[in-house]
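# A closer look at the structure
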Amino acid sequence: MSENHQISTMDRVSVGLAARYRKERRFRLFGISAIVASLLFLALLLASITAKGYTAFRQTEVLLDVYLDPAVLDVHNLATANYAALVRDAALALFPQVESRQDKRIVGKLISTGAAYRLQDLVTSKPELIGSTRPIWVPADDEVDMFVKGHIPRDVPEAERRVSDKQASWIDQLVAADRLKLKFNTAFFEAGDSREPELAGIRGAAAGSMFTLAITLLLSFPVGVAAAVYLEEFAPKNRWTDLIEVNINNLAAIPSIVFGLLGLAVFLNFMNLPRSASLVGGLVLTLMTLPTIIIASRASLKSVPPSIREAALGVGASKMQTISHHILPLAMPGMMTGAIIGMARALGETAPLLMIGMVAFIVDVPNSFSDPATVLPVQIFLWADSPERAFVERTSAAIMILLLLLLAMNAAAVFLRNKFERRW
Amino acid sequence: MQKFALSLATATMLIGAAATSMAADGRDYISVVGSSTVYPFSTAVAEQFGKATKFKTPKIESTGTGGGIKLFCSGSGVDTPDIANASRQIKKAEIETCAKNGVTEIVEVKVGYDGIVLANSKKSEQFKLSRKDLFMALAKEVPSPEGGDKLVANPYKTWKEVNDKLPAAKIEVLGPPPTSGTRDAFVEMVMDHGCTAFESIKALKSKDEKQFKAVCQTVREDGAFIEAGENDNLIVQKLEANPNSLGIFGFSFLDQNADKIQASSIDGQAPTFETIADGKYPVSRPLFIYVKKAHVGVIPGIAEYLTEFTSERAWSEEGYLAEKGLIPSPKNERKTIAADAKALNVIVNNKF
């Protein structure tokens, strides 16, 4: 009887075994395809951004032989000299065949208006050069740049191109004479925003992001950790603390634009802080990241085993000593990971900054917390909305920089966790 | 550890103290807010101004015309903007709000014109539209095609049904959402005009203005008109990907993308620099900047910024703003406006 029963159970198991294995394989397959799909989307995103943006790291420049005319450049008044005229003369000298006034103007337009400022910098730093002829690489106009990079096609009718046949032949002439080259785009990293794509850079936005994040970190980390320590270690468990906990979790899920509105009402209208300043941006982002940091910090405090607390208390440490000598150092890696992830989120935020005037055209690189500033994602947004074609590649290039920064921050979080985390 | 915590806490307190003491008490740069249509032009002026003069580069926010004027009118003091950009004239109600908040002297400067174009991909046929066609294609309710004055839900599916001379393509128009100034201008200049081609609706105008507006300005919601967001670049890209649709956007984007898209003519006029400037092209609007006179002399550089904006090297046919797509005002008009701006002549309220 019992023998029979045994056999029938084994039979039943072996009958279903193949199906169970199949089920597991199917499940694994679903998991793998989910990962493959998400990787595919990520690769697609990165590839399209890189394909559009990598050309922005190089900028077309033209070699001009500029005669630093002492008649134009007065050593005592270098700030107001007509540098543009020197650049135009040097550009015209490259095309001796150009005669009509109309054509001369078009030749002048091959060179960026930024050339005059580059010349000014050179002369101001080395006034002894005045009177000599110097070969200088100056940025070309954005349309020349687009043409050289192939973003303005040659094969469409002339009327539909922003570069005429005449200009195209001049450009070819410059290339043949080795006077027009793609060079590393330093302006992109050293300049603030500009309406001329060839002069626009991310330095202003990057500095704004840095100031904003510095404020956010300095405010949200200590406050967040203090809140977490109190809630986790000191606070009694009652209806009030439950309510606070629910609210913190809720805050973490609130759309960020709401924090912007709050910032507008409290920091700008009530406290009269300056509009568009990174200080206010930092304050608003602090509100936004606080819940994330509190939640992460509490989780990491919870993961410190009670035996450590009990041992410290057992050898006579006070509660304060237990926390500051033992619990906090052990929980710190987890808290920092939470903070970095919160910061990474703050770095990519635009919506709350819209309300406090940080979505603005700002040329000067901010030098302090109260200067008007914008941030990297806002810069991307503003460029994406500009009509000039050369801003398309710059938008993608700025996205690449932002992604690199985010990657670095997340990598730092992983590194900290692996290096300092202790398992029990 | 304790020291670290302590120093962090001190830093926190310092920032708090700095924040409260740093209320906006002085400003050495001009603050400009307002229309996203004027933004590309005023930023170009600001940059030139910042480079050519000893003043700081003005800060320019793109808030939309309505939002900009609201900020501009919120009071007179250094914590409020000095200049508002607008893609339409300031309204009487807005001037009253301004006055109520102590902004009584406003200088109006008409800086030029902007055209609104309808364009499609070069891959398909160019359209020759009239404003009546556009009304019939895009309004939510139109007079019944069987005749009579009755309004019915828009039955037209293809352009050919609207007008025999148009191609038999499906009606699909990408345009900005109602929050956009471009949409307001399009509705006012195209739809309002187009619907007066019908006697029955025209009669409504004098009888029941509200009803008239509701009929003329309501855009259909059955998928023929697609709200494509405020980003004009996006609309241009979508037109390329979808050759069958038309897009509505500002002239400067047509100017920059003439190799990819072609503009439809409206009422027989193609949008070009010349037709918009002399007012032949029907869908164009003036652009303004409004300056708070009380701030001139308080915030450094406002008068000089106005001079730069109204200089021939900026806003003439040959100027750098024309390069960015601004359509200049006629020469005589420019002269008067520049003189008015220089003298800081304020808007007289009873003008409205």
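Just above sits the structure.
Residues numbered from 1 in each chain as written. Chains lettered and ligands numbered in written order. Predicted model: local features only at pLDDT ≥ 70, side-chain atom pairs only at ≥ 80, totals over all residues. Heavy atoms only, no water.

The number of helices and strands found in chain A is 16 helices and 4 strands. The C-alpha atoms of chain A give a radius of gyration of 31 Å, which is well past the 22 Å a tight globule of 424 residues would have. In terms of overall dimensions, chain A has a C-alpha envelope of 110 × 65 × 40 Å along the principal axes. The proportion of buried residues among the 424 residues of chain A is 46%. Across chain A, every contact between residues at least 6 apart in sequence was considered, and the portion connecting residues at least 24 apart equals 77%. Counting every atom, chain A has about 21,600 Å² of accessible surface; 64% of that belongs to carbon and sulfur. Across chain A, the mean location of the 41 positive side-chain charges is 10 Å away from that of the 38 negative side-chain charges. (Helix = DSSP H or I, 4+ residues; strand = E, 2+ residues; numbered from the N terminus. Rg over C-alpha atoms; globule rule 2.2 N^0.38 Å. Buried < 20%, exposed > 50% of the residue type's maximum accessible area, 1.4 Å probe, protein only. Contact = heavy atoms within 4.5 Å. Areas by Shrake-Rupley, 256 points an atom, 1.4 Å probe, with all protein chains shown as cover. Lys, Arg positive; Asp, Glu negative; His and termini not counted. Charge placed at Lys NZ, Arg CZ, Asp CG, Glu CD.)

With that settled, consider the environment of Val152 of chain B. Residue and element names in this part refer to chain B. On the secondary structure map, Val152 appears in strand 7 (residues 151-153). Through-space distance from the C-alpha of Val152 to that of Ser329 is 42 Å; in sequence the pair is 177 residues apart. Not counting chain neighbours up to four residues away, the residues in contact with Val152 comprise Lys140, Glu141, Val142, Pro143, Ser144 and Pro145.

Turning our attention to the side chain of Glu196 of chain A. Here Glu196 of chain A is to be found in the loop between helix 7 (187-190) and helix 8 (203-234). Contacts of Glu196 of chain A, omitting those with residues within four sequence positions, involve Thr113, Asp142 and Phe391 of chain A together with Glu47 and Lys324 of chain B.

Let us look at unusual backbone geometry. Residue and element names in this part refer to chain B. For Asp267, which is not glycine, the phi torsion reads 50° and is therefore positive. Inspection of the secondary structure assignment puts Asp267 in the loop between strand 12 (265-266) and helix 12 (273-277). Accessibility expressed as a relative area gives 35% for Asp267, which makes it partly exposed. In the Ramachandran plot, Leu344 falls in the positive-phi region, its phi being about 55° despite a non-glycine side chain. Structurally, Leu344 is set in the segment after helix 16 (331-343). Since its relative accessible area comes to 15%, Leu344 is described here as buried.

Bringing the pairing of strand 1 (residues 58-67) of chain A into the picture now. Residues and elements named next belong to chain A. By the criterion of burial, strand 1 is predominantly enclosed, with 7 of the 10 residues buried. With 5 bridges joining them, strand 1 and strand 3 (residues 180-184) adopt antiparallel strand pairing. Within strand 3, the position partnered with Thr60 by the bridge is Leu182. As paired elements, strand 1 and strand 2 (residues 133-139) share 7 bridges and run antiparallel to each other. In the strand pairing of strand 2, Val66 is matched with Arg134. (Pairing = 2+ DSSP bridges.)

Moving on, we come to the state of the cysteines. Residues and elements named next belong to chain B. The final tally for this structure, using the stated rule, is 2 disulfides over all chains. Each sulfur in the disulfide pair Cys73 and Cys98 lies 1.9 Å from the other. Note on the Cys73 and Cys98 pair: the S-S dihedral is about -80°, so by sign convention the disulfide is left-handed. One end of the pair, Cys73, is in the loop between helix 3 (65-72) and strand 3 (83-86); the other, Cys98, is in helix 4 (residues 92-100), and 25 residues separate them in sequence. When its relative accessible area of 3% is taken as the criterion, Cys73 is described as buried. The buried category is assigned to Cys98, whose relative accessible area is 0%. Through a disulfide, Cys195 is tied to Cys216; the S-S separation comes to 1.9 Å. Disulfide Cys195-Cys216: torsion about the S-S bond near 80°, hence right-handed. Note that Cys195 is positioned in helix 7 (residues 181-195) and Cys216 in helix 9 (residues 209-217), a separation of 21 residues in sequence. By relative accessible area, Cys195 is classed as buried at 0%. (Disulfide = S-S within 2.5 Å.)

Everything listed here is a matter of coordinates, which is why it stays silent on function.
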